[in-house]
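Observations on the model geometry
Listed here are the chains, written in short residue letters.
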Amino acid sequence: MAQLDLYHLQPKPELLPQSQRLVRFLATGDGMCITGAVGQLEVFTNDQDARGGLGETCATVYQLRVFDNMLQIEGKPVYGDLLERTIYNTLFAAQSHDGRQLRYYTPLEGKREYFSTDTYCCPCNYRRAISELPAMIYYQSNSGVAVNLYTPSEATIKLHDDISVTVRQETDYPTSGHVEFRIDPSNPIQIPFQMRIPRWCNKNVAVTVNGEPISEPIVPGTFLTIDRLWKPGDQVKLDMPMSWRLVLGRKRQSGRAAVMRGPWFSV
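Everything quoted here is computed from the prediction, not taken from an experiment. (Residues numbered from 1 in each chain as written. Predicted model: local features only at pLDDT ≥ 70, side-chain atom pairs only at ≥ 80, totals over all residues. Heavy atoms only, no water.)

1. Structural notes on the pattern of salt bridges
- Enumeration according to the criterion identifies 18 salt bridges in this entry.
- As a salt-bridge pair, Asp118 and Arg127 come within 3.8 Å of each other at their nearest N and O atoms.
- Here Arg182 ties to Asp184 by a salt bridge, and the two come within 2.8 Å at their closest N and O atoms.
- Looking at Arg182, the relative accessible area reads 38%, which means it is partly exposed.
- According to the relative accessible area criterion, Asp184 is buried, its value standing at 12%.
- Among the ionic contacts, a cluster of salt bridges with common partners joins Asp47, Asp49, Arg51 and Arg252. (Salt bridge = Lys/Arg side-chain N within 4 Å of Asp/Glu carboxyl O. Buried < 20%, exposed > 50% of the residue type's maximum accessible area, 1.4 Å probe, protein only.)

2. Here we look at helix α5 (residues 121–132)
- Over its 12 residues, α5 runs 16 Å from end to end, which matches the ideal 16 Å to within 8%, given 1.5 Å per residue.
- Looking at α5, one finds that the buried residues are Cys122, Pro123, Asn125, Tyr126 and Ala129. Along the axis of α5, the buried residues cluster in a sector spanning 165°; they form a single face.
- Buried residues belonging to α5 abut α3 (57–74) and α4 (77–91). (Helix = DSSP H or I, 4+ residues; strand = E, 2+ residues; numbered from the N terminus. Expected span 1.5 Å × (residues − 1). Arc of directions from axis to C-beta. Contact = heavy atoms within 4.5 Å.)

3. Brief notes about the sheet that holds strand β2 (residues 144–147)
- Ordered in space as β1-β2-β6-β9, the 4 strands form an open sheet in which the pairing is mixed. Either end of the sheet is taken by a strand with one partner, and the two such strands are β1 (138–141) and β9 (222–230). Within this sheet the neighbouring strands show an average axis-to-axis angle of 25°, counted without direction.
- Here strand β6 (residues 189–197) pairs with β9 via 9 bridges, running antiparallel. Of the residues in β9, the one forming a bridge with Arg196 is Phe223.
- Along the sheet face, α4 touches β1, β6 and β9 and points at about 50° away from the line of β6. (Pairing = 2+ DSSP bridges. Axes fitted to C-alpha atoms, helices over the stretch in contact; angles between N-to-C directions.)

What follows is the structure, encoded as structure tokens:
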């Protein structure tokens, strides 16, 4: 994170390879479990061990920060997919059902163990992460707006000195994949409006603008871009069917399968 923070101030290419290597290890080198949790007992592992010491909460928080920064720097939707998977299945899993206690680790199996106090590194970092999530929903991108996370929200993005655009989002995601946007620019403006289409989506994703189907191709694992003249009150509807799917386990999880629906790990 220190390297990425410095990159924003001094964008030197040599500051990125460590973060890029980390993400490759997590996403393609078995360094991440199905829930997005990483490591055993605060040590990177690639054996898919999902027992008691999996996913220390401080590590989870910094994962999110790395993914968020890499998305801003490189613009690749895979970072949004990783953010989503980790938020819903590991970050939120670190909290007790009543919201009162926080966990040190978030294993897939075994007893849930919580901190007995409110002040320690994991509980404090957890609260910081929750406060940071709103900044990971919308981004300014290519003189337009990019939507990364789907959740009820509203944001006003300043595009130029005299023009801003307010985006309102209504959805019950991830209970369903139906999302509605209202786009209100301060003045009519031609800009790209982008939406992250998660990799888990099938080919039946549908998008309409003011009730009319779009002509742009919709490809899972990419940002869908709609570049048009936007006027106050324009509406965009996104429907992502959420069918159940099985993901086969590897290494220590061989012989098992995860039940997934949308970004959610079920069992």
